[in-house]
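Observations on chain architecture
Here are the chains, one letter per residue:
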Amino acid sequence: MDVQGYLALIAVGKFKEAYELIRRTNPLPAVCGRVCYHPCEEVCKRGYVDQPLAIASLKRFAADQIDIEEIEIPQITKNGKRVAIIGSGPAGLTAAHDLSLSGYEVTIFEALSQAGGMLRAGIPEYRLPKDILNGDIRYIEKLGVKIQTNTRIGEQVKLEDLRSSHQATFIATGAHESMRLGIPGEEASGIIHGVDFLRAVNLGQKVEIGGRVVVIGGGNTAIDAARVARRLGSSVTIVYRRSREEMPANVTEIEAAEAEGIEIMFLAAPTRVITKGERAEKVECLKMRLGEPDASGRPRPIPVEGSQFTIDVDTLIPALGQTPNLAFAQGLGLELSPRGTLMVDEATLATNIEGIFAGGDVVTGPAMVIEAMAAGRKAARSIDRYLKGEPLLTEEMEEKRAPQETSEEEIAALRERFPKQDRVRMKELASEERIKDFKEVELGYSLAQAQQEAERCLSCGVCSECRECEKLCQAKAINYEMKDEFIDVEVGAIVVATGFKTFDHRVYGEYGGGKHPDVITGLQLERLLSASGPTGGEVIRPSDGLHPKTVVFVSCVGSRDEQKGRSYCSKVCCMYMAKHAIMLKEHDPEVQCYIFYIDVRAGGKDFDEFAQRAQREYGALYLRGRVSKIYQDGKKLMVCGEDSLIGRPVEIAADLVVLATGMEHSAGAAELARILNISYDTYNFFIEAHPKLRPVETQTDGIFLAGACIGPRDIPESVAQGSAAAAKVAALFSQDVLTTDPMVAMIDPMRCSGCLLCTQVCPFSAIDTQLTRDGRTVAVVNETLCKGCGLCVAACRFGAANLRGFTQQQLLAQVTSLWQ
Amino acid sequence: MAIGYQPKVVGFLCNWCSYAGADMAGTSRITYPPNIRIIRVPCSGRIDPLLVVKGFQLGADGVLIAGCHPGDCHYVEGNYYTRRRFALLRPFLDYLGIEKERFRIEWVSASEGKRFSQVVSSFTEELLRLEPRELVPERATL
């Protein structure tokens, strides 16, 4: 999902682009923007600061800005394969959308007179206006999806027939059967179940309800039924057996219901319907109290003895939950769960019958719209793979990313960085207005409100993935689908040239610790001076964009400083400071550069002449001494230091301060060294085989070094080393036969007892076993694998193992002769 | 302390780290006491305890074993064997009447020329504080 992307696009007023981005992953944007219970908002990091972004409302806003009839229909190449989908709810519609885009010919079979499943039959008009739903469905039909309404599988069409005319079937029939109350009198007239009631009202049928309505249950269906009954002019009471905290319905829904004058009676459960003739007249209830948690984790309601009471009722609406109706699938052998839902493979949604997939409420029982849509998408992928003959399960599916945990420090940092700003509230119809008819309650954001809300996004993901750059890049150089991959390469030699990173100057609190924007590093100045840099070569202060006139350089930041754990000289800084001083003067003759230095290290051909030129021709003033402090004074940066040649403290009011940060090992250098089995020093620079005689080789055969990964060095030196390493590799590869060190282990088979302790200690598995002619098992060294460490020699208890060049006799002779 | 006494130290140095470290001390012109006689071995894991005992038997005042830092062995795990093997030798040296200060194991990497010099200096100073070893004359040589 590219949530941050469309939030960013809404914030800048690119509503059409935002909508298109939402459409990439969500085939029902207008619907989701209204009815989704937005689990995404629960993981939004803004929630740690104040309240999460109103993601769903902004999605609705984007959808409301678009006339769906004008959205372009993509070109689809049909592949001639046919897929049947049973049920046109969110799961079925999503699967149809995806499959149609992939080129399949999709037909949805819908039992009711209109498409939409629970979106149409279950969700009242005031939450999801029918023309909005129709719009999203129309678009899916335009993609070539056929929706055959009034077609109940098992009656008009047999499931077997579907299977013979379609290559794959997706069952997404939802859960529309009401659960029974299980109390006496339940069959009386005047009782209509919640989903049946909602379906009838939503499909425009005439439903007669009385003036006093009692709704039983605490879920969203109960609330919906109550609010619909209220709009039909009844007074409504909801009876729920637990307390408000345990109510499964959405909190905002409960509050809205109460605002509309619906009474909720907590801790009560019906025990009997008292009838008068055929008709329900009263409902007898029992008070409850909360006990220990039950299997669902909620406290179990326990009846209070003798607390019976009755409520007068004209219409009773039980809304206790729904189960799937799977009558159509009987006799086919589809596997069912004990709860009466379909059993599928969780990862692929395949049922036990080949070619039949299932998802949504029919598998999970009543759940959220977005979960059904996710199931639809999953099923579409599986069906696509199935029909292409690919394996259903792929590695990609298993690596679903869980949202990352946010650490305490991160939360504290977020709170410090972002001031509180509550989410923008959407306008709603007044509650007395609402109950008059079925007008949409939530009125949507205005343009300004939406942008204000979208701007609250913290952009915690850095790149928002709005994909605008992808559209603009004519060379098609931006690819969002690329993924990390592991590649195995077999090579004969490795040249390590991992370079360096610049020292992080923030540890120097006295230089501002990275807090002053106009204290920059040499590398940053290099970018400012560069014609291809961010400013096109114009040198400006980062804080206010003015041209600096007084520039102070501070050398040896993170070099030659034992207190900061960097006692070595970074070697290149003296020269680049001189270069920068010259270039700054060339850019703007009014610039005056000051350079604080310890020594000017300008060793090398023409180097010292260059440094002299910076002083003599370009007027750079060199001051010998360390800078002790840099602080802000108005628009200036005050640089305090000492000129140790005149023995006086100096203070310079600078416009820009450039820290000549040193070079240090690249990230992960030590880990790489361990992987390659090469040595590294205390600063994590790699160690050459010999500092003078073998400067680009390592002690591990076939691994070579070049450049600043060995230690600070400049470009000419790195280039020379690169060439040297290449020549060394070429020399290695030019040989037909490789010679190895003759210092390898040997084992005297006459003395070997066959204990094979040596095979256990050998790090290179270079010791094999051999059967001697007299039937003994002895160890034998594989000389090409042996590296000559001698571990086996020290481990051998019988003196059978020995190491050429370092034999026991040779070493003993050395010890013996030491003081002779 | 005997006048003019100079302790004799046998140093077994692994080729890749400690011997290179000693080399580094040399190329960096860092000095260290000349009391040490260095024997190069491919890996500290090659060092047979017999060589250590032999050194003491022949009159060495101290024996130093130096290898790569744990985790950095050129042969992956040789120095782990060294560490365990000589932990076992220590009580045996004690049994032979050789003070525990006379035997040291140190980790010196190829870049630690300075550290090598410090190790040899401090070991030599420590040996100078101890009395010279009394050797049983007839067993002094093999």
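Before reading further, recall that the structure is shown in the block above.
First, a word on scope: everything that follows refers to the structure included in this document.

Criteria and thresholds
- Residues numbered from 1 in each chain as written.
- Chains lettered and ligands numbered in written order.
- Predicted model: local features only at pLDDT ≥ 70, side-chain atom pairs only at ≥ 80, totals over all residues.
- Heavy atoms only, no water.
- Helix = DSSP H or I, 4+ residues; strand = E, 2+ residues; numbered from the N terminus.
- Buried < 20%, exposed > 50% of the residue type's maximum accessible area, 1.4 Å probe, protein only.
- Areas by Shrake-Rupley, 256 points an atom, 1.4 Å probe, with all protein chains shown as cover.
- Pairing = 2+ DSSP bridges.
- Right-handed = clockwise from strand over helix to strand, strands pointing away.
- 1 Å grid on protein atoms, 1.4 Å probe; cavity = no way out; pocket = protein on both sides within 12 Å on 5 of 7 lines; lining within 4 Å.
- Points joined across faces, edges and corners; volume = space filled by probe spheres on them.
- Nonpolar A, V, L, I, M, F, W, Y, C, P; charged D, E, K, R; others polar.
- Contact = heavy atoms within 4.5 Å.
- Buried area = accessible area lost by both parts, 1.4 Å probe.
- Salt bridge = Lys/Arg side-chain N within 4 Å of Asp/Glu carboxyl O.
- Polar contact = N/O pair within 3.5 Å; in protein donor to acceptor, adjacent residues only side chain to side chain.
- Axes fitted to C-alpha atoms, helices over the stretch in contact; angles between N-to-C directions.
- Parallel < 35°, antiparallel > 145°, perpendicular 65-115°, else oblique.
- Left-handed = near helix turned anticlockwise from the far one by under 90°.
- Expected span 1.5 Å × (residues − 1).
- Phe/Tyr/Trp six-rings, centres within 6.5 Å; stacked < 30°, edge-to-face > 60°.
- Lys NZ or Arg CZ within 6 Å of the ring centre and 35° of its normal.

**A word on the overall build of chain B**
Secondary structure assignment for chain B yields 4 helices and 4 strands. Each helix (α) and strand (β) of chain B, taken in turn from the N terminus, gives the series β-α-β-α-β-α-β-α. The buried share among the 142 residues of chain B stands at 51%. When the accessible area of chain B is evaluated, it comes to approximately 6,800 Å², of which 54% is carbon and sulfur surface.

**Brief notes about the pairing of strand β7 (residues 235-239) of chain A**
Residue and element names in this part refer to chain A. Along β7, 4 of the 5 residues are buried, which leaves the element largely enclosed by surrounding structure. As paired elements, strand β6 (residues 212-216) and β7 share 5 bridges and run parallel to each other. Within β7, the residue paired with V213 across the bridge is V236. Handedness of the β6-helix α11 (residues 220-231)-β7 crossover: right-handed. Sheet analysis places β7 next to strand β8 (residues 263-265), joined by 3 bridges and oriented parallel. The residue bridging T237 from the neighbouring strand is E263, located in β8.

**A few points about the pairing of strand β10 (residues 279-293) of chain A**
Residues and elements named next belong to chain A. Two strands pair when backbone bridges link them, and strand β9 (residues 268-276) and β10 are joined in this way by 8 bridges, in the antiparallel orientation. Pairing of I274 across the sheet is with K282, part of β10. Linking β9 back to β10 in an antiparallel pair, the connection comprises 2 residues, with G277 at a positive phi of about 70 degrees. Inspection of the sheet shows β10 paired to strand β12 (residues 309-312) by 4 bridges, in the antiparallel sense.

**Some points on empty space enclosed by the protein**
All names here are of chain A. What the rule picks out here adds up to 6 cavities of 30 Å³ or more. Size it by volume and the largest cavity reaches roughly 90 Å³. Lining the largest cavity are I747, C752, S753, C755, L756, L757, C758, A779, C796, F798, A800 and A801. Counted by class, the lining of the largest cavity contains 11 nonpolar, 1 polar and no charged residues. Counted as a void, the second largest cavity has a volume near 70 Å³. In terms of lining, the second largest cavity is formed by A745, C762, F764, A766, I767, C786, K787, G788, C789, G790, L791 and C792. Classifying every residue of the lining of the second largest cavity by side-chain character gives 9 nonpolar, 2 polar and 1 charged.

**Section: the interface of chain B and chain A**
The figure often quoted for interface size is the accessible area lost as the parts come together. Taken together, the contact between chain B and chain A spans 37 residues of the former and 34 residues of the latter. Summing the contributions of chain B and of chain A, the shared interface buries around 3,000 Å²; its carbon and sulfur component is 65%. The largest per-residue losses of area from chain B upon contact with chain A belong to I39(B), R46(B) and Y75(B), which jointly make up 21% of the total buried on that side. Seen at the junction of chain B and chain A, the total is 1 salt bridge. Linking R674(A) and D72(B) is a salt bridge whose minimum nitrogen-to-oxygen distance equals 4.0 Å. Joining chain B to chain A, the criterion identifies 6 residue pairs in polar contact (both at pLDDT 80 or more). Listing elements by their share of the side of chain B that touches chain A, those giving two or more residues are β1 (9-14), α1 (18-27), β2 (36-41), α2 (49-57) and α3 (78-95) of chain B. Of the residues contributing to the side of chain B that touches chain A, the split by class is 19 nonpolar, 7 polar and 11 charged.

**A few points about the packing of helix α1 (residues 3-11) of chain A against helix α18 (residues 447-454) of chain A**
Residue and element names in this part refer to chain A. Running from amino to carboxyl end, α1 crosses α18 at an angle of 130 degrees, the nearest separation of the two axes being 8 Å. By the angle between their axes, α1 is oblique relative to α18. Classified by chirality, the crossing of α18 by α1 is left-handed. Here L7, I10 and A11 of α1 come into contact with α18, specifically with A450, Q451 and A454. Class assignment of the residues belonging to the contact of α1 with α18 gives a composition of 5 nonpolar, 1 polar and no charged.

**Thoughts on helix α6 (residues 90-101) of chain A**
Residues and elements named next belong to chain A. The end-to-end C-alpha distance of α6 is 17 Å, a good match for the 16 Å that 12 residues give at a rise of 1.5 Å each. Along α6, the residues that are buried comprise P90, A91, G92, L93, T94, A95, A96, H97, D98, L99 and S100. G103 sits one or two residues past α6 and shows a positive phi near 105 degrees.

**Topic: the sheet that holds β1(B)**
Pairing in this open sheet of 4 strands is parallel, and the strands run β2-β1-β3-β4 (chain B) from one edge to the other. If you trace the sheet from one side to the other, it starts and ends with β2 and β4 (103-107) of chain B, each paired once. Between one strand axis and the next, the sheet turns by 20 degrees as a mean value, whatever way the strands run. Pairing geometry for β1(B) and β2(B), over 6 bridges, is parallel. Its bridge partner being in β2(B), F12(B) is matched across the sheet by I39(B). This element, helix α27 (residues 808-817) of chain A, spans β1 and β2 of chain B of the sheet and lies at about 175 degrees to β2(B).

**A word on α2(B)**
Listed in full, the buried residues belonging to α2(B) are P49(B), L51(B), V52(B), K54(B), G55(B) and F56(B). In this structure, the buried residues of α2(B) make contact with α27 of chain A together with β1, β3 (62-67), α3 and β4 of chain B. Looking at the residues trailing α2(B), positive phi occurs at G59(B), about 105 degrees.

**Concerning the packing of helix α2 (residues 15-25) of chain A against helix α5 (residues 55-64) of chain A**
Residue and element names in this part refer to chain A. The N-to-C vectors of α2 and α5 enclose an angle of 115 degrees; their axes lie 8 Å apart at closest approach. Classified by the interaxial angle, the pair formed by α2 and α5 is roughly perpendicular. For the element pair α2 and α5, the recorded crossing hand is left-handed. Packed against α2, whose contacting residues are F15, A18, Y19 and I22, the element α5 presents K59, F61, A62 and A63 at the interface. Its residues assigned to classes, the contact of α2 with α5 shows 7 nonpolar, no polar and 1 charged.

**Some details on the packing of aromatic side chains**
Evaluation of the coordinates by the stated rule reveals 12 aromatic pairs over all chains. Between F15(A) and F61(A) the ring centres are 5.0 Å apart and the planes differ by 85 degrees, which places this aromatic pair in the edge-to-face class. Taken together, the residues span a long stretch of sequence, with F15(A) in helix α2 and F61(A) in helix α5 at a distance of 46 residues. Neither residue differs from the other here; F15(A) and F61(A) are each classed as buried. The interplanar angle of 75 degrees and the centroid separation of 5.5 Å between the aromatic rings of Y568(A) and F685(A) together place this pair among those described as edge-to-face. In this pair, Y568(A) sits in the loop between β19 (550-557) and α21 (573-587) while F685(A) sits in the loop between α23 (669-676) and β27 (703-705), placing the two residues 117 residues apart along the sequence. Put simply, the rings of F503(A), Y508(A) and Y511(A) touch in pairs and so form one group of aromatic residues. When the ring centre of Y508(A) is taken as origin, the NZ or CZ atom of K564(A), which lies over that ring, is 4.6 Å away. The ring of Y19(B) is capped by R40(B), whose NZ or CZ atom sits 5.5 Å from the centre of that ring.

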